[in-house]
Amino acid sequence: MLLLKKIAAVLFTALLFCINFLKAQSLENNVHIIYPLNLKDVVIQDSFWSPKFRVWNTKTVYDVFDKLEGKYEPDRPDLIKEKQSWGRTRNAFLNFDLVAQGKKDINTHDGPPWYDGLVYETIRGASDLLIQHPDTALEHKIDGYIDRITAAQAADPDGYLNTYTTLTRPDKRWGTNGGDDKWQHDIYNSGMLVEAAIHYYNATGKTKLLNVAVKLSNYIYTQMGPAPKLNVIPGHGGPEECMLKLYELFKQHPELKSKMSVPVDEDQYYSLAKFWIEERGNYGEADGSHARKTDSSYNQDQMPVLQQQTIEGHAVRATLLATGVTAVAIDSKDPRYINTANNYWNNMIGKRLFITGGEGAVADGERFGADYYLPESAYLETCASIGAGFFSQKMNELEADGKYMDEFERVIYNNLLSGVSLSGDHYFYENPLIATGHTRWAWHDCPCCPPMILKIVGALPQYIYAYDSNGVYVNLFIGSKANISINKNTTIALKQTTQYPWKGISVIEVNPSSANPFTVNIRIPGWAQNKENPFDLYYSSVSDPVSLTVNGEPVNVAPLKGYVAITRKWKKGDKIELNLPMQPRLISPNDSVETIKGKIAIASGPVIYGFEGIDNPALNNYTIKDNSVLQISYSPGLLNGVNVITGKASGVNNDQTNFTAIPFYSIGNRNQISPYKVWIPEK
Ligand SMILES: [Zn+2]
């Protein structure tokens, strides 16, 4: 009997292995690498986005730097109290100055341990913005910050740089000796420094910060890795992708090494990225060597990453790690990485996605909730949604599937934009789908979200299009001009004109360098094809069809992997016209979602709508019929210009009331704190 059991167990294991192998094989077949554009090759000219970029370029980026420098009037009790007791506000740059002066172990540090990281993230976002909107004053400001960062590093002979650890616990670098990198963020901050340096170099050609980043990376490589080096992994995901970017920078531009003042071995950075991914869940050798404390899903360390089936733990850490896993999958085509990236994304989008693109249901631990746990009052940190957006975009690079950009688009028109006020200087940390008295703040005890917002909006222009050697992909409907060299023979100038998301028509003018055959892939969003979610977590339908023409001739709309591929000999002036059905639609959740069962939400195109008390005094009593007639109209004077959706709701005595819904992202921008909700009970 025992023998039979053993044989059965062996067979079962073999079967599992085969299933996993076949699954990995089939996922490998999905791989089709496409590339985002260089930021210098695309410019946004758009009636929806350009006014927002003007605010972010001229106000938000300065606002975030100023506040990191301590120039703010606190509007939250914790920071008001801090200012009263200190006689000043916290200043991230003082930390660098103290370290530069050789101070150590002085038990004083402004802001949370990840304050260095937030400075670096802001430099990254600002650098990208500089490419689209050159601004010498901003560049000069950043140069000044970089001088102070450089001086801080110069105080350490190894090039180690993390102000919190140096100033409060210098013996606990990387969370060793009883420290904890989940709190200290040594590795996270280092990764963000690397990324900032790359982006600043790309924007300006200046290598000063890059030298700092490489020096630190070289030091990290001597410290952690396979035995006898330390078994240390990032307490906060993100550095994995940063190290891969550093590797790619020097791999693609070996000539840059001669401009550096420090040695460069890009393979070291790649091996660090892989070590940090693969060492999660590995706590040392069987003989007890190379040991690390057993850890939890909070930072995705509960089991080896390449065996993880679901996306768990702190939602920002998880989505940034997932982006890094996907980046390595793109570089290596390793089926284990492809498999894990798919596992994460399928679980996140299929079972844990909020309709606004929010992720991370649970406040305690800022973490993903269980499958189908999607309460309206969920936490939904701005950073988590942005992390999910970056992850979806990276999956689109890996597989050239439009469904990933559907989810990127859901993020940018909803949970991203809600994170920053229309005025550009107040921010949401949480983005619940129902709230009373939820207001944006000027500055937060943990102001991680404003830098993250700058990171994704800075990168946004390069995600409008993608390309491979056979053609281009139109991923987003944003008015823009782009130049794309798809191969040696063909450079394509694209010009897109649109009033999306307020109107459904986008016109794309295709101007190849010479008449040539290639493919233009047009993304057809799932919601326009009655597929609100690829896993049917949500349902919706629209009755109007999608229409697509080339030079006025209809093209059959039967998308494959989310795109209609139009292959022809393109010539200058060819025009593609896409018309998406922007009629308002009702969305309902899958029956498995108990928390919003029997409720409906309203959307038009990628924009999810919400009901704010200021427009809807009887909001709490509303019910809406699933066949309600909905009207949509543009209101130029409201909230910088938005489409408003109106219709009839039933009130408490079954009386009919007119309701007004506005884009979710624009909630909380009028001078009145108002309750709001997204999901309304269905009558
Ligand atoms: Zn945040």
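These numbers were taken from a predicted model, which means no experiment stands behind them.

1. Notes on the overall build of the chain
Of regular secondary structure, the chain possesses 17 helices and 22 strands. For the chain, whose C-alpha radius of gyration is 25 Å, the value lies close to the compact-globule estimate of 26 Å for 683 residues. Counting only C-alpha atoms, the chain reaches 70 × 70 × 65 Å along its principal axes. Taken over 683 residues, the chain has a buried fraction of 60%. Within the chain, contacts between residues separated by at least 24 positions form 69% of all contacts whose residues are at least 6 apart in sequence. Computed over 66 positive and 73 negative side-chain charges, the separation of the two mean positions in the chain equals 2 Å.

2. Remarks on the coordination of the zinc ion
Taken together, E381 (OE), C383 (SG), C448 (SG) and C449 (SG) make up the full set of protein donors to the zinc ion, lying 2.0 to 2.3 Å away. With four donor atoms in place around the zinc ion and angles of 92 to 121 degrees between them, the coordination shape is tetrahedral. Each donor residue of the zinc ion belongs to the same chain, and together they define the spacing E-x1-C-x64-C-C. Placement of the pair is E381 in the loop between α14 (335–351) and α15 (382–399) and C448 in the loop between β3 (434–435) and α17 (449–459), with a sequence separation of 67 residues. Take E381 and C448: they sit in the same class, and that class is buried.

3. Some words on the nonpolar core
Ranked by size, the top nonpolar core spans 212 residues in total, and within it W49, I123, L210, F250, I522 and I576 carry the most contacts. Among the elements that make up this core, the one with the highest residue count is helix α13 (residues 315–332) (11 residues). The residues touching I123, leaving out its near neighbours within four places in the chain, are F65, I142, I146, I149, A196, Y200 and L209.

4. Details of the pattern of salt bridges
Considering all chains together, one arrives at 42 salt bridges under this definition. For the salt bridge of R90 with E82, the shortest nitrogen-to-oxygen distance reads 2.8 Å. Accessibility assignment for this pair places R90 and E82 in one class, buried. The salt bridge partner of D445 is R90, with a shortest N-O separation of 2.9 Å. Of the two residues, D445 sits in the loop between β3 and α17 while R90 sits in the loop between α3 (77–86) and α4 (92–100), which places them 355 residues apart along the sequence. Overlapping salt bridges, with partners in common, bring together D66, E69, K71 and K141 in one network.

5. Digging into the packing of helix α11 (residues 239–252) against α13
Their axes nearest at 7 Å, the elements α11 and α13 cross at an angle of 35 degrees. Across the interface between the two elements, E240, E241, L244, Y247 and E248 of α11 pack against L321, T323, G324, A327, V328 and D331 of α13. Looking at the contact of α11 with α13 residue by residue, the classes come out as five nonpolar, two polar and four charged.

6. Observations concerning the pairing of strand β18 (residues 631–635)
As a general feature of sheets, a regular strand has side chains that alternate between the two faces. Here five bridges tie β18 to strand β19 (residues 642–650), and the two strands are oriented antiparallel to one another. Residue S635 lies in a different strand from β19, and its bridge partner there is V642.

7. Considering the environment of Q268
With respect to the helices, strands and loops of the structure, Q268 is situated in helix α12 (residues 266–278). For the pair Q268 and T222, spaced 46 residues apart in the sequence, the C-alpha separation amounts to 9.4 Å. Excluding its chain neighbours within four sequence positions, the residues that come into contact with Q268 are N218 and Y221.

8. Thoughts on α14
In a regular helix each residue adds 1.5 Å, so 17 residues correspond to 24 Å; α14 covers 23 Å between its end C-alpha atoms and thus fits that length. Of all 17 residues making up α14, 13 are buried, and the element is well covered by its neighbours.

9. Description of unusual backbone geometry
The phi torsion of most residues other than glycine is negative, and most of the peptide bonds are trans. For the bond running from A227 to P228, omega is 10 degrees, close enough to zero to count as cis. Across the junction of Y500 and P501, the peptide omega takes the value 5 degrees, indicating a cis bond. Within the secondary structure, P501 is located in the loop between β7 (490–498) and β8 (505–512). Positioned with a positive phi, H185 is a non-glycine residue whose angle comes to about 60 degrees.

10. Structural notes on the state of the cysteines
For the structure on display, the rule yields zero disulfides. Counting only cysteine sulfurs, C383 is the nearest neighbor of C242, a cysteine outside any disulfide, at a range of 14 Å. Residue classification places C242 among the buried residues on the basis of a relative accessible area of 0%.

11. Focus on the packing of helix α10 (residues 208–223) against α11
α11 packs onto α10 with a crossing angle of 115 degrees between their chain directions and a minimal axis gap of 12 Å. Here α10 is positioned roughly perpendicular relative to α11, judged by the angle of their axes. Where α10 crosses over α11, the two elements pack in a sense that is left-handed. On α11, the residues that touch L210, V214, S217 and I220 of α10 are M243, L246, L249 and F250. The residue makeup of the contact of α10 with α11, split by class, is seven nonpolar, one polar and no charged.

Scoring rules and cut-offs
- Residues numbered from 1 in each chain as written.
- Predicted model: local features only at pLDDT ≥ 70, side-chain atom pairs only at ≥ 80, totals over all residues.
- Heavy atoms only, no water.
- Helix = DSSP H or I, 4+ residues; strand = E, 2+ residues; numbered from the N terminus.
- Rg over C-alpha atoms; globule rule 2.2 N^0.38 Å.
- Buried < 20%, exposed > 50% of the residue type's maximum accessible area, 1.4 Å probe, protein only.
- Contact = heavy atoms within 4.5 Å.
- Lys, Arg positive; Asp, Glu negative; His and termini not counted.
- Charge placed at Lys NZ, Arg CZ, Asp CG, Glu CD.
- Donors = N, O, S within 2.8 Å, 3.2 Å for Na, K, Ca; no water.
- Tetrahedral: all angles 85-135°; square planar, octahedral: opposite > 155°, others 65-115°.
- Core = buried A, V, L, I, M, F, W, Y, C linked by side-chain atoms within 4.5 Å.
- Salt bridge = Lys/Arg side-chain N within 4 Å of Asp/Glu carboxyl O.
- Axes fitted to C-alpha atoms, helices over the stretch in contact; angles between N-to-C directions.
- Nonpolar A, V, L, I, M, F, W, Y, C, P; charged D, E, K, R; others polar.
- Pairing = 2+ DSSP bridges.
- Expected span 1.5 Å × (residues − 1).
- Disulfide = S-S within 2.5 Å.
- Parallel < 35°, antiparallel > 145°, perpendicular 65-115°, else oblique.
- Left-handed = near helix turned anticlockwise from the far one by under 90°.

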